[in-house]
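What follows is the residue order along each chain.
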Amino acid sequence: MFLNLELLETRRIRSDICFIYKLFNGIFHCPNLLIKLNFNISSRNTRQSNTFYVPFQSINYRIHDSINRCMILVNKYNVNLFLCANINNFVIYLNHLLS
C-alpha cells in the first residue's frame, strides 16, 4: 500500500526554509539567530542572485550547522524571502518551488 507521503528530505528542506522566512520576517523574535544570517550584498550589479553569503567551512560539523544549512538551501532553491506577505502564501509559493 502506497501512502503518498513526501520524502523526509523534502519536508526538512521546507521546514528549514520556512524557519528562515519566519526568523527574517519577525514571526520568531530571536536577535541572536538573526545576527548570524550573512546577507550577500554586492557592490556591483551582477547576475549572482544568492541571498546569503555562506563562508567556507573547513570543519565538517560547521557545514551542517542549522543556520548554515538553511542559508545554503535558500541560495540553492533561489527562494525569494521578500515575495509573500504572510506565512500561508509563502508555504504555497514554497510548495510550488519544491515540486
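The structure under discussion appears in the preceding block.
Description of the structure in this document. If you're wondering where the values come from, they're calculated on a predicted model, not measured in any experiment. (Residues numbered from 1 in each chain as written. Predicted model: local features only at pLDDT ≥ 70, side-chain atom pairs only at ≥ 80, totals over all residues. Heavy atoms only, no water.)

The space that makes up the largest pocket amounts to roughly 180 Å³. For the largest pocket, the lining is made up of 10 residues, of which Asp16, His64, Arg69, Ile72 and Leu73 are closest to its centre. Going through the elements one at a time, helix H1 (8–24) and helix H4 (66–76) are the ones with two or more residues in the lining of the largest pocket. For the lining of the largest pocket, the class distribution of residues is 4 nonpolar, 1 polar and 5 charged. (1 Å grid on protein atoms, 1.4 Å probe; cavity = no way out; pocket = protein on both sides within 12 Å on 5 of 7 lines; lining within 4 Å. Points joined across faces, edges and corners; volume = space filled by probe spheres on them. Helix = DSSP H or I, 4+ residues; strand = E, 2+ residues; numbered from the N terminus. Nonpolar A, V, L, I, M, F, W, Y, C, P; charged D, E, K, R; others polar.)

Turn by turn, an α-helix covers 3.6 residues, leaving residues three or four places apart pointing in a common direction. Residues of H4 that are buried include every one of Ile67, Asn68, Cys70, Met71, Leu73, Val74 and Asn75, and no others. Following H4 by one or two positions, Asn78 has its phi on the positive side, about 50°. (Buried < 20%, exposed > 50% of the residue type's maximum accessible area, 1.4 Å probe, protein only.)

Turning our attention to the packing of H1 against H4. In contact at an axis separation of 9 Å, H1 and H4 are set at 95° when each is read in the N-to-C sense. Comparing their axes, H4 and H1 come out roughly perpendicular. Residues Ile13, Asp16, Ile17, Phe19 and Ile20 of H1 lie in contact with H4, whose contacting residues are Ile67, Arg69, Cys70, Leu73 and Val74. Tallied by class, residues from the contact of H1 with H4 come to 8 nonpolar, no polar and 2 charged. (Axes fitted to C-alpha atoms, helices over the stretch in contact; angles between N-to-C directions. Parallel < 35°, antiparallel > 145°, perpendicular 65-115°, else oblique. Contact = heavy atoms within 4.5 Å.)

This part takes up unusual backbone geometry. Positive phi outside glycine occurs at Asn4, with the angle close to 60°. Position of Asn4 among the secondary structure elements: in the segment before H1. The phi dihedral of Asn78 falls on the positive side, at around 50°, and the residue is not glycine. With respect to the secondary-structure elements, Asn78 resides in the loop between H4 and helix H5 (87–98). Looking at Asn78, the relative accessible area reads 44%, which means it is partly exposed.

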